[in-house]
Amino acid sequence: MKTLTASFLFCINLTVFAPNVGGATVLYVFSSREQLYRSDDRAKTWQLVGFPGEPCSSSVVAVDPTNTSTIYISCQPVSAKGSAGGANPGPINFYRSTDGGVTWTASHAPYPGQRLAIDPTSPNILYLGTGFGLFRSVDSASTWAATTLTGAITGIGTDPQQPGVLYATTYVLGALPGVYKSTDFGVTWTLLTHIQSSIITFMFSAAVDPRNSNVLYLPTTRQGCPGQPNSNCGLFRSTDAGKTWQGISGSAGDFYSVVIDPRNGAIYAGGVFTTLDAGSSSLVSHARVLKSTDGGTTWAQNSIGGSSFSVELQLDPEVETTIYSGQSPYALEGSGPGAGVYSSTNGGVAWTLSFVASGLLVSDDKVHSLVAVSLKSTPPSPPAISTNGVV
């Protein structure tokens, strides 16, 4: 029950909802060629949904967990790339469909989104992370209001057990990235900590353990483990609700997303591991997924394949052993093979490439967003909401 996205080069979005036994699963994927696709058979085949907007340099997608026909897309139009937006919003940058993508309503958000999250307990509340702060809507994206959190938002994660509790990560040039927490549905924010490191670049969306709200996992890129100068880790863990963090030894590489299965407690972390090829003296990247089944004590490493990185992981809401990975070509190697949607039916041990194989993507395309939802989701009972938080 969390929504995650990533920004800048990567444009990552993640949405996970509680499973409903006996239901079907629908997948949506948005590619860098500005097309939205849907799969109703667990990534075996895909149908073009379409997208009415102009080309996007980046985009994030979210789907209402209680009504899979409602889709939101935040787009950074190519024509407005690098603009500040705000008072002069420029091109249309936000789209909403209530009929599964047949028709769309276009509007202006305050800024193009780098992260887009739907509140798991009240789906009319949306959180939009931009390069200029975090904004929230309480009316299904009809209007937006600024929150107290400013700066570039690199991640948003919600607590599935505590309504109104969410975490955000930020990036400010020349300053240490921060982890922030809100307890009032994103209206106000408190700085929890800065993770000390001289080589950190980005921190992405924190994943809250659905069985223990004090336990969080944080994916990062180019992160060295404090106190371990000869090792490298990109994955961090907190056992005190984000106040302090410890690097997970052995998690070398860059990580972009973490998901935790509420049914069995399995933890998955997706990213890329780069090595130096002895023969060619060139860097070679390998998309991979780490998995832990003992609460993060030990981790198994599974390679996905292709010169790409796992930008986004999705759990199947209905089938416990099925997991999906949205992948993009790795930037160090340009446009290479491996981009697309991969699926695993045995808990991440073996992976099958489905999206490129179906002919919908070409090798230099990128996956911007991947969303998996249940067609038989049960609507939650939302709390009363005002513009200042919970009534």
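All figures in this text were calculated on a predicted structure; none of them were measured in a lab.

A. Molecular detail of the overall build of the protein chain. Within the protein chain, the secondary structure is distributed over zero helices and 32 strands. Per-residue burial over the protein chain gives 57% buried out of 391 residues. Considering only residue pairs separated by 6 or more positions, the protein chain has 49% of its internal contacts joining residues 24 or more positions apart. When the accessible surface of the protein chain is summed, it comes to about 14300 Å², and 53% of that surface belongs to carbon and sulfur atoms.

B. How the structure looks around the sheet that holds strand β19 (residues 216–219). Taking strand neighbours across the sheet as the criterion, the four strands line up as β18-β19-β20-β21 in an open arrangement whose pairing is antiparallel. Each edge of the open sheet is held by one strand with a lone partner, namely β18 (207–208) and β21 (246–247).

C. Seen up close, the packing of aromatic side chains. Per the stated rule, a full pass over the model turns up eight aromatic pairs. Centre to centre, the rings of Tyr111 and Phe132 are 4.6 Å apart; their planes meet at 25 degrees, and the pair counts as stacked. Taken as a pair, Tyr111 in the loop between β9 (105–107) and β10 (113–118) and Phe132 in the loop between β11 (126–130) and β12 (133–137) lie far apart in primary sequence, 21 residues in all. Taking 6.2 Å as the distance between ring centres and 75 degrees as the angle between the ring planes, the aromatic pair formed by Tyr217 and Trp299 counts as edge-to-face. With Tyr217 in strand β19 and Trp299 in the loop between β24 (283–292) and β25 (300–303), the pair connects residues that are 82 residues apart, well separated along the chain. The exposure class of Tyr217 is buried, given its relative accessible area of 0%.

D. Expanded view of the confidence of the model for the protein chain. Summarising the model, the protein chain shows a mean pLDDT of 76, and 69% of its residues fall at 70 or more. Within the model, pLDDT remains below 50 along residues 82–89, and this stretch shows eight contacts once partners closer than five positions in the same chain are excluded.

E. View of the pattern of salt bridges. A full pass over the atoms with the stated rule returns three salt bridges. In this structure, the salt-bridge partner of Asp316 is Arg42, at a minimum N-O distance of 2.8 Å. Taken together, the residues Asp316 in the loop between β26 (308–315) and β27 (323–329) and Arg42 in the loop between β4 (36–39) and β5 (47–48) connect sequence positions 274 residues apart.

F. Up close: the side chain of Asp316. Overall, the relative accessible area of 0% leaves Asp316 in the buried class. One polar contact links Asp316 to Thr25, side chain to side chain, over a distance of 2.8 Å. A distance of 3.0 Å separates a polar side-chain atom of Asp316 from the backbone nitrogen of Val319.

Each value, and the rule that gives it
- Residues numbered from 1 in each chain as written.
- Predicted model: local features only at pLDDT ≥ 70, side-chain atom pairs only at ≥ 80, totals over all residues.
- Heavy atoms only, no water.
- Helix = DSSP H or I, 4+ residues; strand = E, 2+ residues; numbered from the N terminus.
- Buried < 20%, exposed > 50% of the residue type's maximum accessible area, 1.4 Å probe, protein only.
- Contact = heavy atoms within 4.5 Å.
- Areas by Shrake-Rupley, 256 points an atom, 1.4 Å probe, with all protein chains shown as cover.
- Pairing = 2+ DSSP bridges.
- Phe/Tyr/Trp six-rings, centres within 6.5 Å; stacked < 30°, edge-to-face > 60°.
- pLDDT = per-residue confidence, 0-100.
- Salt bridge = Lys/Arg side-chain N within 4 Å of Asp/Glu carboxyl O.
- Polar contact = N/O pair within 3.5 Å; in protein donor to acceptor, adjacent residues only side chain to side chain.

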